[in-house]
Structure formats: structure tokens, C-alpha cells
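Listed below are the residues making up each chain.
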Amino acid sequence: MSIRIVVSLDEAILNEVELTKPVTVVGRHPTCDIVIDHPAVSGRHMLFRVVSQTVYAEDLASTNGIKVNGIATAHHVVHHLDLIELGRHRLHFFDGALLAGGVGDLDDTVLTEYERTMLASATVQAPPPRQRDTEDLSRTMAIPRDGGLQATAASVDTAIAPQAPLGLRALAGGEIVALDRANTMIGVAGGDTALVVKRGQSLFIARLGGRNAPQLNGKILGPGTHAIGLGDVVEVGGSRFEVISR
């Protein structure tokens, strides 16, 4: 089970962490597994708990709470492409098996929102904060609770495995964007953005933020990850890019 969390703030990617332990703690305290140094994040804000093949996101009595796909919750089953929000920070949840095309249709594995909530409620209870957590929470800045961007899982296309390093060439101006990192953001910061995900030799694109979905070869992309390959044309935030060999 290869699970990765991509942490972003204002459309900028800050960190990527693989969940390799049964429990992964997220918070502002330096001893956390995933450290987010921001006053809106509590000392020990939340955790990811892996039970068999199921992953739970659990709030640790934080000041500002957590949202999963825009819904405030204390504990929730999370799936591929789900979005967890801690204040302004976003934790994007990726299942490597699905990115690699291991599952053809997420409808076979994703529960409805009601079933997810009920399963989490019946199975996992968030542990009470320890004394040090209480001290940290007292110094945490509370922020208004407002609506958030919702991310919904959908079907995953079969991966394409290019043999040579690929990049994106802007059709207006010719700028080259190398695709040699695990995650590369394209688009307009604070506006329409997409995430190009590199896993092995395979490349995928997924919507990251903004009002308008990206387009692939002239077609608007639905939720989920979509394989891209040599010669494809991607449009994000009014900019068009061609996938080229570098």
C-alpha cells in the first residue's frame, strides 16, 4: 500500500510524505511526522491511521479542526484524491496503486459520503489530546470556518510509460517546464492550477485548484488522475502546453 500526502499552501507545494507507519501525526510541533509551521495549525493537529487497507484522517481536538473534501469532520475514511484541509494548508491524498493503474474504476472501491462517515464513526475514535497538546492548542490562532474546495474521486486512466524524460513546452513563448519531480504544479498561483504527477516513468495530470478544470487535447478533464504522454496538449489557467521529449 503506497500512500503519499502532498502538502500545499496557496497552490504552492511544500512537502511530500509517504505514509509508512500505522500512525502519522500532523501538526506544528517539531516532533510531528508531518510538521506544518503555521499559527493556524495546532501543536498536534490531526493524524492519519492505517488499519489494514483503510486510511482514516482523525482530528486531535485541534483549535481549527479539519475538513475532508470541504466537510468539517472529526474522523473520516480517506481515499485516493481526497483533500484534507488544515486552515489554509491542503493535504492531497494519493494512492500509488491507483496512480499506477492498478484499479480501473474507483466506483468499485469508493464508498458514498454517508458510508464513509458511518464506517469511521463505528470503527475509530480520536484519542484525547495529551497535556502538551493542550498547551500547544492554547497558543494556536483560531480562524473563521468557511467553505473549502471539494475534491472528488473518479475513474483513473491506464498509465502511459514514456521511455524518455518528458517536459511541457508552452505553446505561447516556448518556455520548457521539466517534469523530473514527483509533483509539478502548472497554471496560475491562486487561480486555475493542475498537478502533474510523476510515478516511475508514468505521468498523470489532476486538477489542483481554481474554478476551471484543465483540458487535455481539447477535452475538459473530470475529477481524478488522467494519464498524459508525448504529443498531448494540456490547457490550464489559459495557458496551453504540449508534452514533449527532453
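See the structure printed just above.
Every value quoted in this text rests on a predicted model; they were computed, and no experiment measured them. (Residues numbered from 1 in each chain as written. Predicted model: local features only at pLDDT ≥ 70, side-chain atom pairs only at ≥ 80, totals over all residues. Heavy atoms only, no water.)

Right, let's talk about the overall build of the protein for a bit. The secondary structure content of the protein amounts to three helices and 21 strands. In the protein, which comprises 246 residues, the proportion classed as buried is 47%. Sequence separation of at least 24 residues holds for 52% of the intrachain contacts in the protein that already meet a minimum separation of 6. For the protein, the accessible area works out to roughly 11500 Å², and carbon and sulfur atoms hold 51% of it. (Helix = DSSP H or I, 4+ residues; strand = E, 2+ residues; numbered from the N terminus. Buried < 20%, exposed > 50% of the residue type's maximum accessible area, 1.4 Å probe, protein only. Contact = heavy atoms within 4.5 Å. Areas by Shrake-Rupley, 256 points an atom, 1.4 Å probe, with all protein chains shown as cover.)

Turning next to the sheet that holds strand β11 (residues 89-95). Taken in spatial order, the six strands of this open sheet run β2-β1-β11-β10-β7-β8, and their pairing is antiparallel. In this open sheet, the two strands that pair with only one neighbour each are β2 (12-18) and β8 (71-73). Each strand of the sheet is rotated relative to its neighbour by a mean of 30°, with strand direction disregarded. Of the strand pairs in this sheet, strand β7 (residues 66-68) and β8 are connected by three bridges, and their pairing is antiparallel. Bridge pairing in β8 places lysine 67 opposite alanine 72. (Pairing = 2+ DSSP bridges. Axes fitted to C-alpha atoms, helices over the stretch in contact; angles between N-to-C directions.)

Spatially, β14-β15-β16-β19 is the arrangement adopted by the four strands of the open sheet, whose pairing is antiparallel. Each edge of the open sheet is held by one strand with a lone partner, namely β14 (183-187) and β19 (226-228). Direction aside, neighbouring strands of the sheet carry axes that sit 35° apart on average. Inspection of the sheet shows β14 paired to strand β15 (residues 193-199) by five bridges, in the antiparallel sense.

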